[in-house]
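Residue-level structural notes
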Amino acid sequence: MVSVKYRLDARRLLCPLPVIRVQDRMNSMVAGEMLEVICTDPGAASDIPAWCRINGHKILDMEEREGELVIVIEAGKSG
Amino acid sequence: MTIRRRALALISGGLDSLLAARVVMEQGIHVEGINFYTGFCVEGHTHAIRKKDRTRPRRNNALWVAEELGIRLHIVDVSEQYKNVVINPKHGYGANLNPCLDCKCFMVGKAVEWIEKQGFDFIITGEVIGQRPMSQRRDTMRIVVRESGVGERLLRPLCAKNLSPTLPEQKGWVDRDKLFGFSGRSRKPQMALARRFGLTDYAQPAGGCCFLTDEAYSRKLADLWQARGSREYELDDIMLLKVGRHLRPRPHFKLIIGREEGENNFLQGYRHQFIQLRINSHPGPLTLIDGEVTPDDCGLAARIAARFSAGRDAEEVEMLLLDRDGSEQLLRVAPLPVAEIRPEWYL
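Sequence order as written defines the numbering, with residues in each chain counted from 1. Chain letters and ligand numbers both follow the written order, the letters beginning at A and the numbers at 1. Local features in this predicted model are restricted to residues whose pLDDT is 70 or higher, and side-chain atom pairs enter the listing and the counts only when it is 80 or higher, whereas totals over whole chains, interfaces and linings include all residues.

1. Brief notes about the packing of helix α5 (residues 100-118) of chain B against helix α6 (residues 138-148) of chain B
Residues and elements named next belong to chain B. Orientation is described by lines fitted to C-alpha atoms, with helices fitted over the stretch in contact, and by angles between N-to-C directions that extend from 0 to 180 degrees. Under the scheme used here, helices are H or I runs from DSSP no shorter than 4 residues and strands are E runs no shorter than 2 residues, and both carry numbers assigned from the N terminus. Where α5 meets α6, the axes come as close as 8 Å, and the angle between the chain directions of the two elements is 40°. The angle between α5 and α6 places the two elements in the oblique class. Note that α5 runs across α6; the crossing there is right-handed. Listed contacts from α6 to Leu-101, Lys-104, Cys-105, Val-108, Gly-109 and Val-112 of α5 are Thr-140, Ile-143, Val-144, Glu-147 and Ser-148. In what follows, roughly perpendicular refers to angles from 65 to 115 degrees, roughly parallel to angles under 35, roughly antiparallel to angles over 145, and oblique to any angle outside these ranges. Should the near helix be turned anticlockwise from the far one by less than a right angle, the crossing is left-handed, and should it be turned clockwise, the crossing is right-handed. Residue pairs are scored as contacts if the distance between their C-beta atoms, which are placed from the backbone, is within 7 Å.

Below you can see the structure in the form of structure tokens.
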């Protein structure tokens, strides 16, 4: 069971805006903190993990719930 | 102790910026990427909206480039500040509503702000002299340097040998002999360099990355400005120009008609901003009415919407008109005969 500290609603935003919102949120998070983001743009399923790989963050969970994509991210050291 | 110099690369997602960053990384410079979101980026939006496009593999090319290079990428939302570039371009537009030179000055200027804040040493772009008619000529490249405030901190590694030495070359941070002297519209030198680096899966070199270079899109934006009587826009406006068929049957209103399920779903999200027409009796599009309309206008809009439904040949099509305040009205209309839909209504 993960303990999510922050939640971000990126529904109806088209990529790359969900990535930008995640980036802006995570820039002020410290390593180990978790963010849950909800998106509706299916492109977020590839873009957010790609952005996380580049920036040293970890995807803990990603699932589709009733047409919405819910991604849980753990901030890495560069966050 | 030698200081490891740091450079910021403007990453569009195309081949040139990828190569430019890679060439500088080869010289031991620490490189990070920056990508600007203007609202007009072609990247991904149509794919995200249109259901039929979702079966194609998809990636954000700027992120792909950064991953390929193994560098961090900073994506910056400049959409609000960018309005002034689009609305009042000092150097004018290109073939469509593309303010390429002002855009380049703006982006390099934003990159200057970023490196000064983060303590980076210089900026890299993938520009090549003669590659683009407006923003990548020797004279306009000088304008970019002057108006962005970048001075000698802008290195264009792919055509550096055709230009005067910049700060990183003068200081010996990069070896000018290892840079290139590409020029002109040919893509062959870039493709050869890509092969040398073992890059094969890059985005199509000729692919445009901005809707403003698209003739049909620019026509719709020009129509929006003319109809409103002012050259302004919000992010939602420019998103909607990417979606559906746009028809303006009267000067004071236009219709945005979904072309498939994905677009209909997207347009449905605008229920509180526009009057909507939803066809009940037959499969058909969701239609938004943009403008202040009379009941007669709504009747015409309904007949046009019916024409684009599966009931186009029926005597009557039934639909729901949903007003912005949530009120509903049932309409039964005869689809407008195809001969009465004037070609000039299509934007």
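2. A short note on the nonpolar core
Side chains of a nonpolar character, in soluble globular proteins, are inclined to be buried together. Residue and element names in this part refer to chain B. Connectivity within a nonpolar core runs through C-beta atoms within 7 Å, and the core itself is a set of buried Ala, Val, Leu, Ile, Met, Phe, Trp, Tyr and Cys residues. Working definition of burial: number of other C-beta atoms within 10 Å of the residue's own, with buried at 20 or more, exposed at 12 or fewer, and partly exposed in between, all C-beta atoms being placed from the backbone. In this structure, Ala-7, Val-24, Ile-123 and Ala-305 are the most contacted members of the largest nonpolar core, which totals 114 residues. With eight residues, the single largest contributor to this core is α5. Where each domain starts and ends comes from a domain assignment, either automatic or drawn from a database. When residues of this core are assigned to domains, at least three fall in each of domain 1 (6-210) and domain 2 (243-345). When residues no more than four places from it in sequence are discounted, the contact partners of Ile-123 are Ala-7, Leu-8, Leu-10, Val-108, Ala-111, Val-112, Ile-115, Val-150, Arg-153 and Leu-154.

3. Some remarks on the sheet that holds strand β10 (residues 317-322) of chain B
Residues and elements named next belong to chain B. When DSSP finds at least two bridges between two strands, those strands are taken to pair. Taken in spatial order, the six strands of this open sheet run β6-β7-β9-β8-β10-β11, and their pairing is antiparallel. Only two strands of the sheet have a single neighbouring strand rather than two, namely β6 (245-250) and β11 (328-333). When the angles between neighbouring strand axes are averaged without regard to direction, this sheet yields 25°. With four bridges joining them, strand β8 (residues 275-279) and β10 adopt antiparallel strand pairing. Note that in β10 the partner of Arg-278 across the bridge is Leu-320.

Keep in mind these values describe shape, not function.
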